[in-house]
There are 2 protein chains.
Amino acid sequence: MSRAEQKERTRRAIINAAFSQLSADKSFASLSLREVAREAGIAPTSFYRHFADMDELGLTLVDEAGLMLRQLMRQARQRIEKNGSVIRTSVETFMEFVTGNSNVFRLLLRERSGTSAAFRSAVAREIQHFVAELAEYLRKETICPDELARAQAEAMVTLVFHTGADALDAPASQYAYLTSRTVTQLRWLAHGAASYGRKPKEQGSL
Amino acid sequence: MSRAEQKERTRRAIINAAFSQLSADKSFASLSLREVAREAGIAPTSFYRHFADMDELGLTLVDEAGLMLRQLMRQARQRIEKNGSVIRTSVETFMEFVTGNSNVFRLLLRERSGTSAAFRSAVAREIQHFVAELAEYLRKETICPDELARAQAEAMVTLVFHTGADALDAPASQYAYLTSRTVTQLRWLAHGAASYGRKPKEQGSL
DNA sequence: CCGTTTAGCTTACAACTGTTCGCTCATTCT
DNA sequence: AGAATGAGCGAACAGTTGTAAGCTAAACGG
């Protein structure tokens, strides 16, 4: 086995060890370099041959998580073409991602408001891809000015993300309810934005 | 000074020390018993005379934070009566809370998806008060069935909370924009829910 | 006024943490 | 073939952590 090949292999072992240690009651911040190294099957000091820092490893994990998110978006688009219902299909796809890769989602969810500014902005950047893509879609589909499309997309992503977070602590029997509740919320938003977008000044007592 | 009085006093010193050590780059999980005790001016072991655990202290902090939230709600109601615009006044009041008590808000924000199930459900409970109260208001104001009022309230609280989180990392010059963006989003929701609530079945391609 | 209670202290320990240093030894380059 | 590189290791160090045991002294209750 070539040297570079072997190096890449233990690098992956480290990354996988880190991912696998994340759980409902263990965040990235509570991982220790030594524990990760132990599970990766290397000596603690060998860790430094691959990452300068735990932070550097963390940023790598966030990048990989973001990658999975983008793959998810592509997958959602395919399903939409065959299925029709944009909102429901998107929400269902996202919920499958959350329940199937809960540790990955948890990483994004926690580090989005975590203690490292670098992590926070890395996560924010990944989510922005989501928002930007959705906003572009809305701008094409509806006849909405740029700024409103973006605000609408942000609200939608926020609601879907939040539902994912709820699902992490809810029993599987609740998934269907959570999904359809979110679908309803997104439809409200879409409908409200479409008919209300042109007259954003006070209307009614709200 | 009475004994009970003195005990209560150092108990508060502990709580205050903990709150004051929270910051953008220090979460509750990264506080150490010793550090807290040091800032409170007591020996590490004396901590146990007041709390069995760091977890017990944490739950106390979450309770206090929830109390502040409820006070905030009362304050918002007063301002609404004098001001009229429900949504804008509510969002502005909340943003003042976030910027004025950022450590308290950060605690709720982080522990909502933190590593302790007890913390998570404690925070969720506090937020439910928010949602329930808003839902009741919506049910009275609009002519909306229970379930929809609740879903609407949840979406609104989610969006406002998320905006608070954004504000924590944004420069103060962005506050006005964040606020009005959120106001717009909430109005969309309200409008969409009002006109769309009666026909939740597929409408349009979304 | 004397015995009990108890907040707070000091000392101590065992378990971990991240990181430095120097070594081995298989792969790579010349 | 011979020199250089670099991934991985073991030992060691200086910090920190939570927590246990036992003491002191001041407030308390009878």
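A. Inspection of the environment of A:L59 at higher detail. Residues and elements named next belong to chain A. Looking at the element boundaries, L59 is found in helix α3 (residues 54-83). Under the relative-accessibility criterion, L59 is labelled partly exposed at 32%. Residues L59 and I80 lie 21 residues apart in sequence; the distance between their C-alpha atoms is 32 Å. With sequence-adjacent residues up to four places away left out, L59 is seen in contact with A118, F119 and A122.

B. Here's a closer look at the pattern of salt bridges. Counted under the stated rule, the structure contains 26 salt bridges over all chains. As a salt-bridge pair, A:R12 and A:E64 come within 3.1 Å of each other at their nearest N and O atoms. Placement of A:R12 in helix α1 (residues 3-21) and of A:E64 in helix α3 is noted, with a sequence separation of 52 residues between them. Residue class for A:R12 comes out partly exposed when judged on its relative accessible area of 31%. Put simply, B:D169 and A:R120 hold a salt bridge, and the shortest N to O gap is 2.8 Å. With B:D169 in helix α7 (residues 146-169) and A:R120 in helix α6 (residues 117-141), the pair connects residues from two separate chains. Overall, the relative accessible area of 49% leaves B:D169 in the partly exposed class. The network of salt bridges with shared partners includes A:R150, A:E154, B:D166 and B:R181.

C. Molecular detail of helix α6 (residues 117-141) of chain B. With 25 residues, α6(B) should cover 36 Å at 1.5 Å per step; its first-to-last C-alpha distance of 36 Å lies within 8% of that length. Considering only its buried residues, α6(B) is in contact with α5 (102-111) and α7 (146-169) of chain A together with α3 (54-83), α4 (86-100), α5 (102-111) and α7 of chain B.

D. Structural detail: the protein's contact with DNA strand D. As a matter of local geometry, DNA strand D sits amid 22 residues, with A:R3, A:A43, A:R49, A:H50 and B:R34 nearest to it. A:R3 is positioned with one of its side-chain polar atoms (N or O) 2.6 Å from a base oxygen of DNA strand D. Those elements that provide at least two residues to the surface near DNA strand D are α1 of chain A together with α2 (33-40) of chain B. By residue class, the composition of the surface near DNA strand D is five nonpolar, nine polar and eight charged.

E. Structural view of the packing of α7(A) against helix α8 (residues 175-196) of chain A. Residue and element names in this part refer to chain A. Contact geometry for α7 and α8: axes closest at 10 Å, N-to-C directions at 170°. As summarised for this structure, α7 and α8 are arranged roughly antiparallel, according to the angle between their axes. Counted together, Q152, A155, M156, L159, V160, T163, D166 and A167 of α7 and Y175, L178, R181, T182, Q185, L186, L189, A190 and A193 of α8 form the full contact between these two elements. Per-class residue counts for the contact of α7 with α8 are eleven nonpolar, four polar and two charged.

Parameters at a glance
- Residues numbered from 1 in each chain as written.
- Chains lettered and ligands numbered in written order.
- Predicted model: local features only at pLDDT ≥ 70, side-chain atom pairs only at ≥ 80, totals over all residues.
- Heavy atoms only, no water.
- Helix = DSSP H or I, 4+ residues; strand = E, 2+ residues; numbered from the N terminus.
- Buried < 20%, exposed > 50% of the residue type's maximum accessible area, 1.4 Å probe, protein only.
- Contact = heavy atoms within 4.5 Å.
- Salt bridge = Lys/Arg side-chain N within 4 Å of Asp/Glu carboxyl O.
- Expected span 1.5 Å × (residues − 1).
- Near = heavy atom within 4 Å.
- Polar contact = N/O pair within 3.5 Å; in protein donor to acceptor, adjacent residues only side chain to side chain.
- Nonpolar A, V, L, I, M, F, W, Y, C, P; charged D, E, K, R; others polar.
- Axes fitted to C-alpha atoms, helices over the stretch in contact; angles between N-to-C directions.
- Parallel < 35°, antiparallel > 145°, perpendicular 65-115°, else oblique.

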